[in-house]
Amino acid sequence: GMRGAFFFRRVLLPAIVQRLGPGWGLWLPLLAGTAGNLLAATVYDPRHVAVGASTATFGAIGILAALRLSATPTRARRRWKPWIVPVACLVLLAFLGAGRDADVLAHGLGLLSGGALGFAAGAPLRRLLSPSLQWPLVALAVLAVVGCWRLALAAPAS
């Protein structure tokens, strides 16, 4: 809903962009949302229809959780308890993603997909986070979203 979109735009997305840069910061939630929706689609009846934008919100939560878990602890954070992150993710999933008419499966799969992408960004992708790639990735992310909307709006009503 509107609260989820506000939370995504004002809280989650800036936090990811701050850590990974604008290109990867836009692409990873898109990929997490796409992966979560594709995985959920394999479970549902083919006639099931869902927009699935909220799955990207849970993907972003998973990305931030994985980045936090994979971060090298500093001296000041040595007392930090790593189990807090998965518990906080489950609480957010329960409060934000399990309401009436919510697609809990897609939300949960988005969270898991985001977690996997966040761990990848925390280590293997770190060397690909060069500044020269960031703005081309932003342009590609915008083109991907615009292209998807064009396809969705051009599709015949069923």
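Preceding block: the structure.
Keep in mind that what you see is a predicted model, and the values were worked out from it rather than measured.

A.B. asks: Got a minute to help me understand the overall build of the chain in this structure?
C.D. replies: In terms of helices and strands, the chain carries 6 helices and 0 strands. Counting only residues that meet the buried cut, the chain has 34% of its 158 residues in that class. Pairs at least 24 apart in sequence give 78% of the contacts found in the chain among residues at least 6 apart. With the model as given, the accessible surface of the chain reaches about 10400 Å², and the carbon-plus-sulfur share is 69%.

A.B. asks: It is not clear to me how the packing of helix α2 (residues 22-43) against helix α3 (residues 53-70) should be interpreted in this structure. Could you clarify?
C.D. replies: In helix packing, the relevant descriptors are the interaxial angle and the interaxial distance, both defined with respect to the helix axes. Direction vectors running N to C along α2 and α3 enclose 120°, while the axes themselves pass 7 Å from each other. Considered as vectors, α2 and α3 are oriented oblique to each other. The way α2 lies across α3 gives a crossing that is right-handed. Counted together, Leu28, Pro29, Ala32, Gly33, Gly36 and Asn37 of α2 and Thr55, Ala56, Gly59, Ala60 and Ile63 of α3 form the full contact between these two elements.

A.B. asks: How should I be thinking about the layout of surface pockets in this particular structure?
C.D. replies: In this approach, a probe sized like a water molecule rolls over the atoms, and the result shows the empty space that is left. In this structure, the second largest pocket encloses a volume near 170 Å³. Gly62, Ala65, Ala66, Leu69, Val85, Pro86, Cys89, Leu90, Leu111, Leu112, Gly115 and Phe119 are the residues that line the second largest pocket. Listing elements by their share of the lining of the second largest pocket, those giving two or more residues are α3, α4 (84-96) and α5 (104-122). Of the residues belonging to the lining of the second largest pocket, the class tally is 10 nonpolar, 2 polar and no charged.

A.B. asks: When you look at a nonpolar patch on the surface in this model, what are you seeing that I'm missing?
C.D. replies: Among the surface-exposed residues, Trp83, Ile84, Val87, Val91, Phe95 and Leu96 lie close enough to one another that they form a single nonpolar patch of about 640 Å² accessible area. By the secondary structure assignment, Trp83 is in the loop between α3 and α4.

A.B. asks: Hey, could you run me through α3 in this one?
C.D. replies: Taking 1.5 Å as the rise per residue, α3 with 18 residues should run 26 Å; its terminal C-alpha atoms sit 26 Å apart, in good agreement. Most of α3 is tucked away: 13 of the 18 residues are buried.

A.B. asks: In this structure, what is going on with the packing of α2 against α5? I would like to understand it.
C.D. replies: Packing of α2 against α5 leaves a shortest axis separation of 7 Å and a crossing angle of 135°. Comparing the axis directions of α2 and α5 gives the class oblique. Considering the relative orientation of α2 and α5, their crossing is right-handed. For the pair α2 and α5, contact is made by Leu28, Leu31, Ala32, Ala35, Gly36, Asn37, Leu39, Ala40 and Val43 and by Leu105, Ala106, Leu109, Gly110, Ser113, Gly114, Leu117 and Ala121, respectively.

A.B. asks: How do you make sense of helix α6 (residues 131-154) when you look at a structure like this?
C.D. replies: Because the α-helix completes a turn every 3.6 residues, residues three or four places apart line up on one side. Across its 24 residues, α6 extends 35 Å between first and last C-alpha, which sits within 8% of the 34 Å expected from 1.5 Å per residue. Of all the residues in α6, the buried ones are Gln134, Leu137, Val138 and Ala141.

Parameters and conventions
Residues numbered from 1 in each chain as written. Predicted model: local features only at pLDDT ≥ 70, side-chain atom pairs only at ≥ 80, totals over all residues. Heavy atoms only, no water. Helix = DSSP H or I, 4+ residues; strand = E, 2+ residues; numbered from the N terminus. Buried < 20%, exposed > 50% of the residue type's maximum accessible area, 1.4 Å probe, protein only. Contact = heavy atoms within 4.5 Å. Areas by Shrake-Rupley, 256 points an atom, 1.4 Å probe, with all protein chains shown as cover. Axes fitted to C-alpha atoms, helices over the stretch in contact; angles between N-to-C directions. Parallel < 35°, antiparallel > 145°, perpendicular 65-115°, else oblique. Left-handed = near helix turned anticlockwise from the far one by under 90°. 1 Å grid on protein atoms, 1.4 Å probe; cavity = no way out; pocket = protein on both sides within 12 Å on 5 of 7 lines; lining within 4 Å. Points joined across faces, edges and corners; volume = space filled by probe spheres on them. Nonpolar A, V, L, I, M, F, W, Y, C, P; charged D, E, K, R; others polar. Patch = residues over 30% accessible without salt bridge, like charges linked within 9 Å, V, L, I, M, F, W, Y side chains within 5 Å. Salt bridge = Lys/Arg side-chain N within 4 Å of Asp/Glu carboxyl O. Expected span 1.5 Å × (residues − 1).

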